[in-house]
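As a plain string of letters, each chain reads:
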Amino acid sequence: MSETRSARPKVLPDLLIDLILVFAFVLIGRRSHDETFDLAGTWQTAWPFFAALLLGWLLTRAWRSPDRVWPTGILIWLVTVAGGMALRALSGQGTDIAFVIVATLTLGAFLVGWRLLGVWVERILQKRRDAKVAAEEAAVVNAAAQAEAKAALTRRDPNHRTPGL
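Procedures and definitions
Residues numbered from 1 in each chain as written. Predicted model: local features only at pLDDT ≥ 70, side-chain atom pairs only at ≥ 80, totals over all residues. Heavy atoms only, no water. Helix = DSSP H or I, 4+ residues; strand = E, 2+ residues; numbered from the N terminus. Expected span 1.5 Å × (residues − 1). Buried < 20%, exposed > 50% of the residue type's maximum accessible area, 1.4 Å probe, protein only. Contact = heavy atoms within 4.5 Å. Core = buried A, V, L, I, M, F, W, Y, C linked by side-chain atoms within 4.5 Å.

Student: Any chance you could explain helix H3 (residues 69-90) here in plain terms?
Tutor: Along an α-helix, residues three or four positions apart point the same way, because every turn accommodates 3.6 residues. Between its first and last C-alpha, H3 extends 30 Å over 22 residues, near the 32 Å set by a 1.5 Å rise per residue. Those residues of H3 that fall on the buried side of the exposure criterion are Val69, Thr72, Gly73, Ile76, Trp77, Val79, Thr80, Val81, Gly83, Gly84, Met85 and Arg88. Elements that come into contact with the buried residues of H3 comprise helix H1 (11-32), helix H2 (39-60), helix H4 (97-111) and helix H5 (113-154). Of the residues one or two after H3, Gly92 is the one with positive phi, at around 80 degrees.

Next comes the structure, spelled out in C-alpha cells:
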C-alpha cells in the first residue's frame, strides 16, 4: 500500500496545512470557551502546539514524506499532543484530562485526517487513470482488429477464379 501521493513531496504546503489545522484547533477551542479573539490570548494558547508540531516535523524528518499517514502523520500528531501538553504544563497553562482527550482526538482527526483524505483521493485518481489507460489500450486493439477485418473483406480470394480465364 503506497501512501505517498507524489514522488517529490511539496513540503511547504504540507507544513502550512498542519500549521493552519493546529491554529484552527486553537480557535475552535477558544471559541467553545467563549474566549474573545485577541492576539495575545490566542498566541498563548497556540504556541505550545506550534512548537510541538515543529518538533514533530523535525523528529520525523517529515520533509522527506510529509503527506504519509505512517509514520509521519501519526508521529507528528502524537508529538504535537504530548509536546503541546508538556509545554502548556511548563508554562502554567491547563492540562485538564478532558482537554487532553479533546486535544488528542481533534488533533488526530486534523493532522492524520488530511493525510488519510489525500491517500483516498489519490487512490480514486489512480483508478481513474488506470481505467483511462485500459480504455485507450482497448481502443487501439479494437481499431487494429477493425482494420484487419476491413482488409480481409477487400482482399482478393486466391481460390476464386475469374470466369473466362
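Read on for the rest.
Student: Explain the nonpolar core to me, please; I cannot follow it from the model alone.
Tutor: Note on soluble globular proteins: their nonpolar side chains tend to be buried together. Val22, Leu107 and Leu111 are the most contacted members of the largest nonpolar core, which totals 20 residues. Of all elements in the fold, only H1, H2, H3 and H4 reach the threshold of two or more residues within this core. Not counting residues within four places of it along the chain, the set of residues in contact with Leu111 comprises Asp18, Val22, Leu53, Ile76, Trp77 and Thr80.

Student: It is not clear to me how unusual backbone geometry should be interpreted in this structure. Could you clarify?
Tutor: Peptide bonds are trans in most cases, and residues, glycine excluded, mostly fall at negative phi. The omega torsion across Trp70 and Pro71 is 0 degrees, close enough to zero to call that bond cis. One can find Pro71 in helix H3. With a phi close to 55 degrees, Asp34 is a non-glycine residue in the positive phi region. On the secondary structure map, Asp34 appears in the loop between H1 and H2.

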